[in-house]
Amino acid sequence: PSLPPEVFHWLPIIGSAVQYGNDPLNFFFKCQEKYGDVFTFILFGRRVTVALGPKGNNFILGGKSTVFNAEDAYTHLTTPIFGKDVVYDVPNEKFMEQKRFVKVGLSTDNLRAYVGMIEEEVDEFLKIDPSFRVYQTNDINEWGTFDVIMALQEITILTASRTLQGKEVREGLNKTFAHLYSDLDGGFTPLNFLFPNLPLESYRKRDRAHQKISQFYIEIIQKRREGGEDHEHDMIAALMQQTYRNGEHLKDHEIAHIMIALLMAGQHTSSATGSWLLLHIANNPDVAEALYQEQVKFFSTPDGKLRSPTYEELRQLPLMDAVIRETLRMHPPIHSIMRYVRDDVPIPGTLSAPSKDTTYVVPKGHYVLASPAVSQMDPKVWKDTSKWDPYRWADPEGMAARAFDTYADESGEKIDYGFGAVSKGTESPYQPFGAGKHRCIGEQFAYLQLGTIVATVIRRMEMRIEKVPEHNYHTMITMPKKPRIISYRRRNF
Ligand code: HEM
């Protein structure tokens, strides 16, 4: 067996860091042309083996979690932020139990309760003007502007804290929590991924913020335990009731750290996706009008108003669904999914082989990288791949993929990802939420949050933007580059 081809580079240790860091998709497409679906590049001394296409996605995301290991790849980034004893700071079996606890908190019952809350928060946000740069105009004929990222970051944290995170966190947002969150977030950058510990102020701020936020959650838990208040629909309440297989309850600091992990997991992914959504809608007035008409068709009341959707109704709006789906196709927030290789692994010949008689091997000590973003933009898979076209999903072929998605993990236990989940198993060109054992469990929540935000915004205002910005890959999550200023005008609502 031999090693996969290595991407040519001039600089020893640094390798292809610059090309990869500036535009990973372009880098992957170019390498794919030259070397095929499997190749290794150097990233600051690490050897990263990339496997592209649906088969590449399957090879990495469907691989055994003990061999393609997520903890080893992510812990130095995530543990200082989330804290000890959760997620990638524990063996995978324990994290899988924690993931199951989170699923309980994301029950359909809870999600149902969230629609109204999210709607209220968005409405409230749209009424305030000020520092968030949503310039309110009272005259409905007057156009105002807003920075879409600023607005969506704010709306995302307001709605997530009002629903999942719970009352105390939502109240804290008006006080100190927002600042602490921002310091913590300053520790979630590619620099932190590459260099776990640098003597920089941002690293110290991250550590201080972690301490304080962790304490903040622990106090919430302790107060709740003493008082008898009812918080039945939020995540802290759900986690407080769970027990590990060995009969132990979660410790207070574990609940606190899981809450921080969820806050981080949902914040950037949803706010980036929400921003891309509004940018494309603003850039496509026809789609915007069709989305508005969809709201009118489903939710008009006899007195000419629009009533609130229910969770189930929201999930059955064909155009809204297609608009979110298509946005995640072109702008999946996570462009690189990484694992650390703990043992030599042969690469299937169907994916890549030097000749009929030999296979490639990914050796122990490499990292592997899957990028569903590449297969989601592959011109061999998608017609007019660079065109944002939500109507492509109305194609019977596209719709056929909309099945219930279940994935049996290695213990044989099935995790049901519910309706809406597109990808089946781990071999699919479309995987914005990943696949396999580490697949996202926030998909239903994200669709609910984004769907409600878009519905509320679209009912309230018209938006315009000349051009959808390019990708900025210098943040952990793929963001739109500046300028990203949307013009808007209130609807006569
Ligand atoms: C995992 C994407 C929202 C919680 C993942 C993964 C992806 C992803 C690609 C797989 C990572 C890997 O395999 O290394 C997204 C997108 C979102 C989103 C595109 C929104 C548009 C959320 C939300 C939550 C969440 C709202 C929480 C409420 C998680 C968790 C995991 C995960 C717990 C599991 C990590 C693991 O098992 O290693 N997500 N996510 N995500 N996500 Fe999300």
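Above this text sits the structure in question.
Okay, so let's go over this structure. (Residues numbered from 1 in each chain as written. Predicted model: local features only at pLDDT ≥ 70, side-chain atom pairs only at ≥ 80, totals over all residues. Heavy atoms only, no water.)

**Describing the sheet that holds strand β5 (residues 337-341)**
The five strands lie next to each other as β1-β2-β8-β5-β3, forming an open sheet whose pairing is mixed. The outermost strands of the open sheet, each flanked by one partner alone, are β1 (38-43) and β3 (68-69). In this sheet, β5 lies alongside β3 in antiparallel orientation, the contact comprising two bridges. Counted as the bridge partner of N69 is Y340 from β5. In this fold helix α2 (residues 24-35) packs onto β1, β2 (46-51) and β8 (367-370), with an angle of close to 130° to the strand it touches most, β1. Packed on one face of the sheet, helix α4 (residues 70-82) meets β3, β5 and β8 and runs near 115° to β5. (Pairing = 2+ DSSP bridges. Helix = DSSP H or I, 4+ residues; strand = E, 2+ residues; numbered from the N terminus. Contact = heavy atoms within 4.5 Å. Axes fitted to C-alpha atoms, helices over the stretch in contact; angles between N-to-C directions.)

**Some details on the coordination of the iron atom of the ligand**
Protein coordination of the iron atom of the ligand is limited to a single donor, C440 (SG), positioned at 2.3 Å. Assignment of secondary structure puts C440 in the loop between β10 (414-416) and α19 (443-460). (Donors = N, O, S within 2.8 Å, 3.2 Å for Na, K, Ca; no water.)

**A few points about the environment of E470**
Within the fold, E470 resides in the loop between β11 (461-464) and β12 (471-472). With relative accessibility at 51%, the residue E470 sits in the exposed group. Taking C-alpha positions, E470 is 39 Å from E97, a pair spaced 373 residues apart along the chain. (Buried < 20%, exposed > 50% of the residue type's maximum accessible area, 1.4 Å probe, protein only.)

**Side note on the site of the ligand**
In the neighbourhood of the ligand, 24 residues make up the surrounding shell, with Y88, K99, R339, H438 and C440 lying closest. One nitrogen or oxygen atom from the side chain of Y74 is found 2.9 Å from an oxygen atom belonging to the ligand. Separating an oxygen atom of the ligand from a side-chain N or O atom of K99 is a distance of 2.8 Å. Counting only elements with at least two residues in the shell around the ligand, the list comes to α5 (92-105), α13 (252-283), β5 and α19. Per element, the largest residue contribution to the shell around the ligand is five residues, and it comes from α13. Split into classes, the residues belonging to the shell around the ligand amount to 15 nonpolar, six polar and three charged. (Near = heavy atom within 4 Å. Polar contact = N/O pair within 3.5 Å; in protein donor to acceptor, adjacent residues only side chain to side chain. Nonpolar A, V, L, I, M, F, W, Y, C, P; charged D, E, K, R; others polar.)

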